[in-house]
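Observations on the model geometry
Listed below, chain by chain, are the residues.
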Amino acid sequence: MSGQCPLGFKGQMPAAHPPVPGMFRSDVHRVSLLESLRLDWKDWAMFSLDGLFVVLVLLALAYPKRLVFTHARKSVPTIAGALPLIGNTLWILRCSTGKDKLLDAILREQRNELDRADGQGNFPLTATFPALGGRITVLNHPLYIAHVQKTNFENYVKGSLFRNAMGDVLGLHGIFVADGDVWKRQRKMASHIFSVANFNSHIQTTVHHDLGKLDKLLGALASSGRRVELQDLFFRFTLDTFTTMAFSADIDCLPTDPAALEKSVEFAVAFDSTQSIMDNRFVDPLKGVLEYLPWNAQGRKMRDSIRRLKRFCYATIDKRIEAREKGTAGGAEKGGKDLLELFIQQGLSREELLPVVLNFIIAGRDTTAQTLAWLFWELATKPDVVAKLRAEADEVLGAGDDARPMNYDDLKQMPYTHATFYEASRLHPAVPKNVKQVVADDVIRPYGPGSAELLAALPEQKQRLPDVIVKKGESVVWADYAMARLPELWGADCCEFKPERFLEEKDGRQSIKTFSPFIFHSFNAGPRLCLGQTLATYEGAAVTAQILRSFDVVYDHEKLRAKPPVYADSLTHPIDPAFVYHVSFKPRA
Ligand code: HEM
């Protein structure tokens with residue numbers, strides 16, 4: 001070490017000389033300053049925590065009731081319990097982990113809001129959490145839904161939300177996942193099988209065939225006194241019917257021998273498990289990621305189920321392709337009436353046909369079967385409804401040995417049966433909630449052009465609905481389950497099962513009362529209106545008439561009272577397997 005001594009000494013400084021301020025060269029000075037600043041890890045930790053705390057406090061002040069980095073939305077009330085920075089994350093976690101039921105939670109929030117301020121509270125509600133674009137706006141009112149599904153239809157898409165949650169099962173081009181031209185092409189092609197001509201021939205023949213099988217099975221069950229799970233029976237019926245109707249494939253899952261009911265349908269089990277996982281992916285952004293960890297049981301289950309589904313569907317597709325090549329395809333396939341043939345004729349490859357098959361099975365099997373399961377649960381405590389259904393079936397289809405299965409055309413002569421199926425669809429909608437992604441910023445105007453007709457059809461309302469702002473990438477949500485339970489939309493008796501609300505006198509006869517699809521919204525509305533509404537209604541009415549006119553359904557009323565069915569959160573609306581009810585059958589008294 002060398003330097004200029006302030007006292008004038010020259011030469012080398014002894015090693016043990018104490019430091020003399022101001023005498024060192026600048027590099028030596030820098031080292032000593034850094035040394036004097038050196039903090040141990042505890043100091044750094046304290047320093048960082050203090051900093052973090054300050055940042056959090058500032059962020060919490062900026063985002064008092066919403067997820068960090070979301071836009072403020074003052075015109076729409078926020079779902080209760082929102083916290084600074086995390087918004088409604090705890091609310092959605094409670095629902096996605098099964099601690100609360102999502103549909104009931106939405107209904108509760110909606111009711112609380114509407115009851116506020118003497119019933120003049122708001123319809124739209126909003127919540128923020130780290131999924132669905134950070135913010136959802138719940139739009140449980142027909143005037144808002146009309147904007148989203150009709151007026152500005154192009155701005156509300158299935159988008160990446162559906163692709164990420166359902167793409168690996170239902171394919172990116174499946175009708176339930178696709179948007180734009182891909183969706184349009186699928187819809188156009190599929191709509192051909194729902195023609196009136198096809199209803200009166202192929203569809204009706206298939207339904208009659210399966211009604212015959214159902215009759216035999218119930219006869220055998222009545223003889224044995226054996227109890228069955230009604231929802232499972234309906235799943236078997238609709239899967240069997242639909243695979244025959246759409247793919248001319250007899251998978252024989254509706255046996256006539258009760259003993260065969262013991263064996264579950266592998267395809268159905270796999271399908272059910274994928275559905276509840278897909279449903280959960282919408283609200284839990286981590287699920288999709290965690291599923292890929294090798295030790296994640298849910299991920300393994302999903303991959304196994306997808307493998308099973310593919311095996312089943314490819315077997316159906318390959319069989320058809322082979323039959324076409326050998327020239328042995330016949331009947332409905334040849335006439336171009338079945339769905340698979342229509343899509344093959346459009347040049348779709350084996351791989352492209354897979355999502356077609358899966359998407360249509362989910363539509364054709366679950367919805368109708370679940371509606372029937374809820375309908376028969378409602379009938380358990382409504383002997384007056386059963387009596388009216390029977391009277392109508394006897395009159396139109398004949399009684400006793402002369403009775404015939406219901407034709408598609410009979411639906412017009414059986415308004416009460418039709419109304420009963422609609423009422424079950426209203427109160428227990430097979431698609432109980434839905435979501436769309438916002439493409440570009442928009443203002444949803446409930447009283448925009450074209451709203452007058454819908455407004456006139458609605459019961460008079462105390463509320464003046466506000467305009468709702470939505471931003472690109474966010475989500476809009478509605479829950480038909482909740483809407484069916486709002487007196488503001490369906491009257492004071494909204495929660496009661498009353499087929500009569502779908503009936504009116506016309507030209508001296510009872511007929512079906514038509515509602516705007518934005519009001520009776522269980523079958524969706526606008527350009528994406530359900531393609532299978534007529535099929536579901538015919539099938540549901542035919543099954544109801546067939547069962548009731550020949551059998552008494554024997555319920556365990558005590559058990560039903562003690563443990564009524566509860567829905568499972570899923571894409572559709574099944575009865576939770578832990579709460580399903582069993583029945584036995586007797587020949588009709
Ligand atoms: C009670 C029975 C049914 C109900 C309540 C129902 C309800 C619905 C709803 C709410 C949608 C809109 C789904 C969405 O956009 O995410 C829909 C779409 C659809 N439904 Fe149904 N459905 C039923 C039965 C059926 C049946 C039996 C079929 C026969 C294949 C079917 C075929 C379809 C198709 C293909 C679509 C897609 C339409 C599109 O996006 O363009 N549905 N249905």
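In this text the structure is predicted, and so the values were computed from the model without any measurement.

On to the overall build of the chain, then. Looking only at helices and strands, the chain has 22 helices and twelve strands in total. Taking 2.2 N^0.38 as the reference for a compact globule, 589 residues should give roughly 25 Å; the C-alpha atoms of the chain span a radius of gyration of 31 Å, well beyond that estimate. A principal-axis box enclosing the C-alpha atoms of the chain has dimensions of 130 × 65 × 50 Å. Across the 589 residues that make up the chain, the buried fraction comes to 41%. Taking all contacts inside the chain whose residues are at least 6 apart in sequence as the whole, residues at least 24 apart take part in 75%.

It is worth spelling out the site of the ligand at this point. Around the ligand, the surrounding shell holds 24 residues, and the nearest of these are Ala363, Thr367, Cys530, Gly532 and Ala536. Going through the elements one at a time, α7 (180–191), α15 (350–379) and α21 (533–550) are the ones with two or more residues in the shell around the ligand. Tallied by class, residues from the shell around the ligand come to 13 nonpolar, nine polar and two charged.

Overall, antiparallel pairing links the three strands, which are arranged β4-β12-β11 in an open sheet. Every interior strand has two partners, whereas the edge strands, β4 (228–229) and β11 (551–555), have only one. Judged from the five bridges that link them, β11 and strand β12 (residues 582–587) form a sheet pairing that is antiparallel. Considered in β12, the bridge of phenylalanine 551 is made with proline 587.

Attention now goes to the UniProt feature "binding site: heme" (unreviewed entry) in the chain. Taken from the UniProt record, the annotation "binding site: heme" (unreviewed entry) applies to Cys530. Among the residues examined, cysteine 530 registers 18 C-beta atoms within 10 Å and is labelled partly exposed. When neighbours within four sequence positions are excluded, cysteine 530 is seen to be in contact with Phe523 and Asn524.

A rise of 1.5 Å per residue sets the reference length of α15, with its 30 residues, at 44 Å; its end C-alpha atoms lie 44 Å apart and thus fit the reference within 8%. Burial analysis of α15 places 26 of its 30 residues in the buried class, the great majority of the element.

All right, on to the UniProt feature "transmembrane region" (unreviewed entry) in the chain then. Summarizing the sequence annotation, UniProt attributes the feature "transmembrane region" (unreviewed entry) to residues 44–63 and 75–93 in the numbering used throughout. Here residues 44–63 runs as 95% helix and 0% strand, with 28 Å between its end C-alpha atoms. Split by type, residues 75–93 is 26% helix and 0% strand. Its first and last C-alpha atoms lie 25 Å apart.

Moving on to helix α5 (residues 142–151). Of all ten residues in α5, eight are buried; the element is thus mostly enclosed. Listing the buried residues of α5 in full gives Pro142, Leu143, Tyr144, Ile145, Ala146, His147, Val148 and Gln149.

With that out of the way, let us pick up the sheet that holds strand β8 (residues 475–478). Taken in spatial order, the five strands of this open sheet run β1-β2-β8-β5-β3, and their pairing is mixed. Lying at the two open borders of the sheet, with one neighbouring strand each, are β1 (125–128) and β3 (156–157). One ladder, built from four bridges, connects β1 with strand β2 (residues 135–138); its direction is antiparallel. What sits directly across from leucine 125, in β2, is valine 138.

Moving on: unusual backbone geometry. Its identity as a non-glycine residue notwithstanding, leucine 85 has a phi of 70°, on the positive side. Mapped onto the fold, leucine 85 is located in the loop between α2 (41–62) and α3 (89–96). You will see that asparagine 524, though not glycine, has its phi angle at about 70°, which is positive. By the element assignment, asparagine 524 lies in the loop between β10 (509–512) and α21.

Running from N to C, α15 and α21 cross one another at 40°; their axes reach a closest spacing of 10 Å. Judged by the angle between their axes, α15 and α21 are oblique. Crossing angle aside, the handedness with which α15 passes α21 is right-handed. Contacts between α15 and α21 involve Thr367, Thr368, Thr371, Leu372 and Leu375 on the former and, on the latter, Ala536, Glu539, Gly540, Val543 and Thr544. Its residues placed into classes, the contact of α15 with α21 shows four nonpolar, five polar and one charged.

Below, the discussion takes up the domain arrangement of the chain. Domain boundaries assigned for the chain yield domain 1 (63–157 + 434–478) and domain 2 (171–433 + 479–587). Computed from C-alpha atoms alone, the centre-to-centre distance between domain 1 and domain 2 is 29 Å. On the domain 2 side, the residues contacting the 30 residues of domain 1 number 27 residues. Counting only elements with at least two residues in the side of domain 1 that touches domain 2, the list comes to α3, α4 (102–119), α5, β5 (434–438), α18 (452–457) and β8. No other element matches the six residues that α4 contributes to the side of domain 1 that touches domain 2.

Next up on the list: the environment of aspartate 284. With respect to the helices, strands and loops of the structure, aspartate 284 is situated in the loop between α10 (266–283) and α11 (287–290). A C-alpha to C-alpha distance of 44 Å links aspartate 284 and alanine 323, two positions 39 residues apart in sequence. Ignoring anything within four residues of it in the chain, the contact list for aspartate 284 reads Ser96 and Ala131.

With that settled, consider the nonpolar core. If you look at the biggest cluster of nonpolar residues, it comprises 140 residues, and the most contacted ones within it are Val357, Leu358 and Ala373. Tallying contributions element by element places α15 first for this core, with 17 residues. Two domains each put at least three residues into this core: domain 1 (63–157 + 434–478) and domain 2 (171–433 + 479–587). The contacts of leucine 358, once residues within four sequence positions are left out, are Val169, Leu170, Gly171, Gly174, Leu309 and Cys313.

Here the focus is the packing of α15 against helix α17 (residues 415–427). α17 packs onto α15 with a crossing angle of 105° between their chain directions and a minimal axis gap of 9 Å. Relative to α17, the element α15 lies roughly perpendicular. Across from Thr371, Trp374, Leu375 and Glu378 in α15, the residues of α17 making contact are Thr420, Phe421, Ala424 and Ser425. Counted by class, the contact of α15 with α17 contains four nonpolar, three polar and one charged residues.

All right, on to the pairing of β10 then. Sheet topology places strand β9 (residues 503–506) next to β10; four bridges connect them, and they run antiparallel. Along β10, the bridge assignment pairs leucine 503 with isoleucine 512. Connecting β9 to the next strand, β10, in antiparallel fashion are two residues, including aspartate 507 with a positive phi near 50°.

Calculation rules
- Going along each chain's sequence as written, the residues are numbered from 1 onward.
- Confidence filtering applies because this is a predicted model: local features only for residues at pLDDT of at least 70, side-chain atom pairs given and counted only at 80 or more, and all residues used for totals across whole chains, interfaces and linings.
- Helix numbering and strand numbering both begin at the N terminus, where a helix is a DSSP run of H or I of at least 4 residues and a strand a DSSP run of E of at least 2.
- Restricting the calculation to C-alpha atoms gives the radius of gyration, and the globule rule supplies 2.2 Å times the number of residues raised to the power 0.38.
- Three classes are used. A residue is buried when 20 or more other C-beta atoms lie within 10 Å of its own, exposed when 12 or fewer do, and partly exposed in between, with C-beta atoms placed from the backbone.
- It is the C-beta atoms, placed from the backbone, that decide contacts: two residues are in contact if theirs lie within 7 Å.
- What makes a residue near a molecule or strand is its C-beta atom, placed from the backbone, lying within 6 Å of it.
- Any residue that is not Ala, Val, Leu, Ile, Met, Phe, Trp, Tyr, Cys, Pro, Asp, Glu, Lys or Arg is counted as polar, Gly included; the first ten are nonpolar and the last four charged.
- Should DSSP find at least two bridges between two strands, the strands are regarded as paired.
- UniProt positions are given in the numbering used here, feature names are shortened, and annotations may be inferred rather than shown by experiment.
- Helices are assigned an expected span. That span is 1.5 Å times one less than the residue count.
- Only the stretch in contact is used when a helix axis is fitted, and all axes are lines through C-alpha atoms; the angle between N-to-C directions ranges over 0 to 180 degrees.
- Roughly parallel here means an angle under 35 degrees, roughly antiparallel means over 145, roughly perpendicular means 65 to 115, and every remaining angle is called oblique.
- Helix crossings fall into two classes, left-handed where the near helix is turned counterclockwise from the far one by less than a right angle and right-handed where it is turned clockwise.
- Note that the domain bounds were set by an automatic or database domain assignment.
- Think of a nonpolar core as buried Ala, Val, Leu, Ile, Met, Phe, Trp, Tyr and Cys residues, each tied to the set through C-beta atoms within 7 Å.

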